[in-house]
Amino acid sequence: MVDVTALGARVASSAVVPLVKRLFVRDGPGAGLVDRPVRISALVSFRGEKRDVTPKDVDKIAAELVRRALASAGPGEEPVDAAEAVAVKDALARTLARLGEITVEDFEAVGLGPERFARELGAGVPLAPYGLGEGGTLLYERLLHTASLHILNFLTQRSTYVARQQTVQTQQLARLVQAVDVLLERLPSQSAEDAGFEERYADHVAARHGTLTIYGLDAGTREWPLDTAYLSLEATRPQAAWDGRRSPEYPTLAAEQVLAGHDQVFLRGVAGSGKTTLVQWLAVTAAGRVYDHGMPHLIGRVPFVLPMRRIVRPDAELPLPGDFLRAVGAPVAGEQPPGWAERVLRARRGVLLVDGIDEIADDRRAAVRRWLRELVRAFPGNLWLVTSRPSAVPQDWLAAEGFHELDLARMGRTEVDTFVRRWHRAAGAEESVGESLLASVRSTSELNELATNPLMCGMLCALHRDRRGFLPQDRRSLYEAALTMLLERRDRERELHGSDGVRLAYATQVQLLQKLAWWLIRNSRHEMDRDEALGIVNRALPALNLDGAGDEEVYRALLLRSGLLREPAEGRVDFLHRTFQDYLGARLAVQEMDLDLLVNHAGTDQWEDVILLALAHARPKEAEHMLLRLTGLGTPRGTLLAAAGLRYAAEVEAGVRRRVEAGLATHVPPPTFEAAEEVARAGGDLVLGLLPGPEETDGQVAALVVMTAIHVGSEAALHFLARFREHSDADVQRLLAASWPKFDRDQYAQEILAHLPEQWAVEVSTTDDLRTLRSLGGWRHIFVSGAYRVDDLTELIVPERLAHLTLEAPHPVEGLAWLTAFPGLRTVSVLTDLDEAVIRQVPDGVELHPSASLYSQPQG
């Protein structure tokens, strides 16, 4: 017998190289990918849009490698028989197919070497199913090693690899040089006096900026430890900077990493979006009091926090570096060694955090820009972050000085969940209180719309906690608390008293904002021209006591200080939160007695909240008039609006209430499944608050209620359905399992599927669906919708859990022998137009579990 460990090496390179090259797409000219990682999975020729080799060709490549290896053996030296050679080929083909799955980059793979790279490829391919003996296993391992050796050699010859490797080495050297420079600048030249002062200054930075402050609300100002409450947000490139013909190269990045790729960043964010909190986090991290493994660019640096509202004074010079600490009122300023700040900046160790360009008067911003330009030029190589609200200064305001512009993105669901949990943990509140708030945010559309930035999330958290776990019982009170904070208390507590030359009282701001909001609603607009906004303000000025202030001055103060208006683009104005637009517009609609105008728009989705909020503001007789008119429309939409409006009206005469409730009874709960769809279409999220819960329904009524919510199909509907996940009715359970595709798959799986007492049929159409079910531990009954790959099913379905399998495709290309991979399989259904087509494909020798049955079911 031949030494199997040497057999693979006998396959000549002239034979292996052409086979290996077929596994990869041709290398394009130049090094077009060197600016980003090149994953091996992106280079294979049998996946994606550029495929010129099919998965079956991979099988042929493996077969050829095995054939040539066996052919190199002498007579009587074959280590395996023909049957085991086929098994070796199958195992090798599956392993080579793993090239399309691994996420290792080309230069990293070369660094692994052929042995470790072969182990990386083979890690996801168990050999037990192939039944290899000792000789077959050794042959498989040697051929895999040989193939890996040639694959890595091929990768090193690609132009993109060469350029990428050079780039990586250059970056590594640059980081080493920078680290050495920091040490050389900091240690030898820094006196003991400087070093001692920097320690005390770092302690001061941690003490001053190491807490997160929440402004406003009934309980006053509160502070929480920053390292507990800080939430990582995302920054994006401004839309105006993107090329409309292609996606941006780097669409998002963690906000705390904005200085990792650029020395100078101008960051825009709406009111309350977390700009100041980010400045605090960067300062404390740079001071070394919060260690973050992902921020090495801040190690060894000294932060200077420069809030514009504190250092920019009327007719006063802007501070030079030696005066930074004194300008911000730092208690350690008097201990500062002479020339220390300049030495830090000349050594390129400074992190200058200039916060709030929007918080200084217009006539001082030009001077601030000159000041920034002179400092950047005098002390190059330091890190700079300048923040502002979006509309305070024009686009590219600091572009000439080399600043890269980014925007803070709004919070998504994950960030909201994280913020609420951390807020309550920092506040020492019970975990159940935070979870209760999250449940309210997810199931209530108005709360979901409010929770878009840290300021608003903090407002909801504080209101919820201060009221012992309950938010205000009506939307009017909730929005009123938010308006008080945003329009009056927040700026007062931040000591911002009319920095733009005019101070607007709370009532004045509300009156102007109402006029802008009602104009947008009446004109079915989401934004207006700046000139239109100025015209509305100008017409209101004669009735306001503003000491002769002009429309431009009043508009600017309203825009910058209210926290509710923004300019999303040059010359355009809109509301930061649509819900506040509706609330303010409804207030003015009631004041102007435009009640019939409201009811006439009952059929328009965009007017739903306006009508409901108007009922909250209306006096009893006005509310009753609107409710009767809505009920009198005789439409499901009007009836549902009237029923929902009962909860908003403070006082309703008993006869009017009975008429509204009688109208609702004809629609909720719906009498038929067809009616359920109609009610859902007419009411949307509105109907969810009118449907009975699981404890109030059973049998078909429960199924009709669930079907209504399914047709609504929103995130709020998902949370409503979660209340039925343990309902005893079998039809309810079937409906919940079957409705997975109508919602976010991962969320639905975690909140509903994972809790169902019995695993009814669920539909899958992608590998991501299969992975989600696998994450739940597998599923008992799976319906495969559309075409599928046998490899995906056998790899991603948990074999032991599968009992019933339904296939929509007429037949699998490979036949049905693969079904033996599922030992618990009881029934297999194949939906097809011809019954016989399936039965004929069952090959001889296929053995299912004794209790399993195979049958076909004609489609339709």
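In short, a report on the structure. Note that residues are indexed from 1 along each chain, following the sequence as it is written. The model is predicted, so local features are restricted to residues of pLDDT at least 70 and side-chain atom pairs to those at 80 or more, both for listing and for counting; the totals for chains, interfaces and linings are taken over all residues. Excluded from the side-chain calculations are hydrogens and water; all other atoms, namely the structure's heavy atoms, are used.

**Examining the overall build of the protein**
Phase 1 of the analysis: A run of H or I in DSSP becomes a helix once it reaches four residues, and a run of E becomes a strand once it reaches two; helices and strands are each numbered from the N terminus. Per the secondary structure count, the protein includes 38 helices and 17 strands.
Phase 2 of the analysis: Looking at the protein as a whole, 52% of its 860 residues qualify as buried.
Phase 3 of the analysis: Long-range pairs, those at least 24 residues apart, make up 69% of the contacts in the protein between residues at least 6 apart in sequence. Throughout, exposure labels follow a simple rule: accessible area from a 1.4 Å probe, protein chains only, divided by the maximum for the residue type, with under 20% read as buried, over 50% as exposed, and the rest as partly exposed. Between two residues, a contact is recorded if the distance between any of their heavy atoms is within 4.5 Å.

**Structural notes on the packing of helix α27 (residues 620-632) against helix α28 (residues 636-645)**
Phase 1 of the analysis: α28 packs onto α27 with a crossing angle of 150° between their chain directions and a minimal axis gap of 7 Å. Taken together, the axis directions place α27 and α28 in an arrangement best described as roughly antiparallel. Read as a crossing pair, α27 and α28 show a hand that is left-handed. Facing Leu627, Leu630 and Thr631 of α27, the residues of α28 in contact are Gly638, Thr639, Leu641, Ala642 and Gly645.
Phase 2 of the analysis: Each residue gets one of three labels, nonpolar for Ala, Val, Leu, Ile, Met, Phe, Trp, Tyr, Cys and Pro, charged for Asp, Glu, Lys and Arg, and polar for the others, Gly among them. Split into classes, the residues belonging to the contact of α27 with α28 amount to four nonpolar, four polar and no charged. Between N-to-C directions, angles cover 0 to 180 degrees, with each direction set by a line fitted to C-alpha atoms, over the stretch in contact for helices. Geometric relationships in this document are graded by angle, where less than 35 degrees denotes roughly parallel, more than 145 denotes roughly antiparallel, 65 to 115 denotes roughly perpendicular, and other angles denote oblique. Two helices cross in a left-handed way if the nearer one is turned anticlockwise from the farther one by less than a right angle. They cross in a right-handed way if the turn is clockwise.

**As for the packing of aromatic side chains**
To describe a pair of aromatic rings, you give the distance between the ring centres and the angle between the ring planes.
Phase 1 of the analysis: Aromatic rings from Phe, Tyr and Trp, with only the six-membered ring used for Trp, were paired whenever their centres fell within 6.5 Å, and each pair was classed as stacked if the ring planes differed by under 30 degrees, edge-to-face if by over 60, and tilted otherwise. Within this structure, the stated rule accounts for 15 aromatic pairs.
Phase 2 of the analysis: Relative to tryptophan 397, the ring of phenylalanine 266 has its centre 6.0 Å away and its plane inclined at 45°; by these criteria the two rings are tilted. Taken together, the residues phenylalanine 266 in strand β5 (residues 264-268) and tryptophan 397 in the loop between β8 (383-388) and β9 (404-408) connect sequence positions 131 residues apart. Both residues of the pair, phenylalanine 266 and tryptophan 397, count as buried.
Phase 3 of the analysis: Taking 5.7 Å as the distance between ring centres and 65° as the angle between the ring planes, the aromatic pair formed by phenylalanine 304 and phenylalanine 324 counts as edge-to-face. In this pair, phenylalanine 304 sits in strand β6 (residues 302-307) while phenylalanine 324 sits in helix α13 (residues 324-327), placing the two residues 20 residues apart along the sequence.
Phase 4 of the analysis: By relative accessible area, which is 1% here, phenylalanine 304 ends up buried.
Phase 5 of the analysis: Given the relative accessible area of 1%, phenylalanine 324 is considered buried.

**Quick word on the pairing of β5**
Phase 1 of the analysis: The element β5 is largely enclosed, with a buried count of five among its five residues.
Phase 2 of the analysis: Here β5 shows two buried faces, one formed by Gln264, Phe266 and Arg268 and the other by Val265 and Leu267.
Phase 3 of the analysis: When DSSP finds at least two bridges between two strands, those strands are taken to pair. Pairing of β5 with β9 involves four bridges; the strand directions are parallel. Directly across from phenylalanine 266, in β9, lies its bridge partner glutamate 405.

**What to know about the sheet that holds β6**
Phase 1 of the analysis: On the basis of which strands lie adjacent, the open sheet formed by seven strands has the order β4-β3-β9-β5-β8-β7-β6 and mixed pairing. Every interior strand has two partners, whereas the edge strands, β4 (252-254) and β6, have only one. Taking each pair of neighbouring strands and ignoring which way they run, the sheet shows an average axis angle of 25°.
Phase 2 of the analysis: Pairing between strand β3 (residues 234-236) and β9: two bridges, direction antiparallel. Of the residues in β9, the one forming a bridge with alanine 235 is leucine 408.
Phase 3 of the analysis: In the packing of helix α11 (residues 275-286) onto the sheet, the strands contacted are β5, β6, β7 (350-355), β8 and β9, and the crossing angle to β7 comes to about 165°.
Phase 4 of the analysis: Along the sheet, helix α15 (residues 362-378) contacts β5, β6, β7 and β8; its crossing angle with β8, the most-contacted strand, is approximately 165°.

**Remarks on the sheet that holds strand β11 (residues 565-566)**
Phase 1 of the analysis: Strand order in this open sheet of three strands is β10-β12-β11, and the pairing throughout is antiparallel. Edge strands, defined here as strands with exactly one partner in the open sheet, are β10 (527-529) and β11.
Phase 2 of the analysis: With three bridges joining them, β10 and strand β12 (residues 572-575) adopt antiparallel strand pairing. Bridge pairing in β12 links methionine 528 to valine 573.

**Looking at the pattern of salt bridges**
Between side chains of opposite charge, a pair can form when the charged atoms approach closely.
Phase 1 of the analysis: The salt bridge criterion pairs a side-chain nitrogen of Lys or Arg with a carboxyl oxygen of Asp or Glu, the two atoms within 4 Å. Summed over the entire model, instances satisfying the criterion amount to 29 salt bridges.
Phase 2 of the analysis: Here arginine 587 makes a salt bridge to glutamate 480, at a shortest N to O gap of 3.2 Å. Of this pair, arginine 587 sits in helix α24 (residues 578-591) while glutamate 480 sits in helix α20 (residues 475-493); the two residues are 107 residues apart in sequence, bridging distant segments of the chain.
Phase 3 of the analysis: Judged by its relative accessible area of 25%, glutamate 480 falls in the partly exposed class.
Phase 4 of the analysis: By sharing partners, the salt bridges in this structure join Asp59, Lys89 and Asp90 into a single network.

**Re the environment of arginine 503**
Phase 1 of the analysis: Here arginine 503 shows up in the loop between α20 and α21 (506-522).
Phase 2 of the analysis: In this structure, the C-alpha to C-alpha distance between arginine 503 and leucine 558, residues 55 residues apart in sequence, is 9.1 Å.

**Points about helix α30 (residues 673-683)**
Since there are 3.6 residues in each turn of an α-helix, residues three or four apart along the chain are aligned in direction.
Phase 1 of the analysis: Inspection of α30 places Ala675, Ala676, Val679, Ala680, Ala682 and Gly683 among the buried residues, and these make up the whole buried set. All buried residues of α30 lie within an arc of 165° about the axis, which places them on one face of the element. Turned more than 90 degrees off the buried face of α30, the exposed positions are Glu674 and Arg681.
Phase 2 of the analysis: Against the buried residues of α30 lie α26 (608-617), α28, α31 (685-688) and α32 (699-712).
Phase 3 of the analysis: Positioned one or two residues after α30, glycine 684 has a phi angle of 60°, which is positive. It is the directions from the helix axis to the C-beta atoms whose arc is reported.

**A few points about the packing of α32 against helix α33 (residues 715-722)**
Phase 1 of the analysis: In the contact formed by α32 and α33, the axes pass within 8 Å of each other and the chain directions differ by 155°. The angle between α32 and α33 places the two elements in the roughly antiparallel class. Between α32 and α33 lies a crossing whose hand is left-handed. On α33, the residues that touch Val705, Val706, Ala709, Ile710 and Val712 of α32 are Ala717, Phe720 and Leu721.

**Some remarks on unusual backbone geometry**
Phase 1 of the analysis: The step from valine 668 to proline 669 runs through a cis peptide bond, and the omega angle for that step is -5°.
Phase 2 of the analysis: Tracing the backbone shows proline 669 in the loop between α29 (654-665) and α30.
Phase 3 of the analysis: Located in the positive-phi region is aspartate 396, a residue other than glycine, with phi close to 60°.
Phase 4 of the analysis: Structurally, aspartate 396 is set in the loop between β8 and β9.
Phase 5 of the analysis: You will see that serine 524, though not glycine, has its phi angle at about 50°, which is positive.
Phase 6 of the analysis: Turning to its location among the elements, serine 524 is positioned in the loop between α21 and β10.

**Re the nonpolar core**
Phase 1 of the analysis: By nonpolar core we mean a set of buried residues, namely Ala, Val, Leu, Ile, Met, Phe, Trp, Tyr and Cys, connected to one another through side-chain atoms within 4.5 Å. The biggest cluster of nonpolar side chains holds 214 residues, and the ones touching the most others in it are Phe304, Met308, Val368, Trp371, Leu385, Leu598 and Trp818.
Phase 2 of the analysis: When residues in this core are grouped by element, the largest group, ten residues, is from α21.
Phase 3 of the analysis: If near-sequence neighbours (up to four positions away) are discounted, phenylalanine 304 is found in contact with Tyr201, Phe324, Leu325, Trp340, Ala341, Val344, Leu345, Val351, Leu352 and Leu353.

**Details of the environment of aspartate 582**
Phase 1 of the analysis: With respect to the helices, strands and loops of the structure, aspartate 582 is situated in helix α24.
Phase 2 of the analysis: For aspartate 582, a relative accessible area of 4% puts it in the buried group.
Phase 3 of the analysis: Residues aspartate 582 and leucine 520, 62 residues apart in the sequence, show an inter-C-alpha distance of 9.5 Å.
Phase 4 of the analysis: Once you skip the residues sitting within four places of it in the chain, aspartate 582 turns out to touch Ile521, Asp609, Val610 and Leu613.

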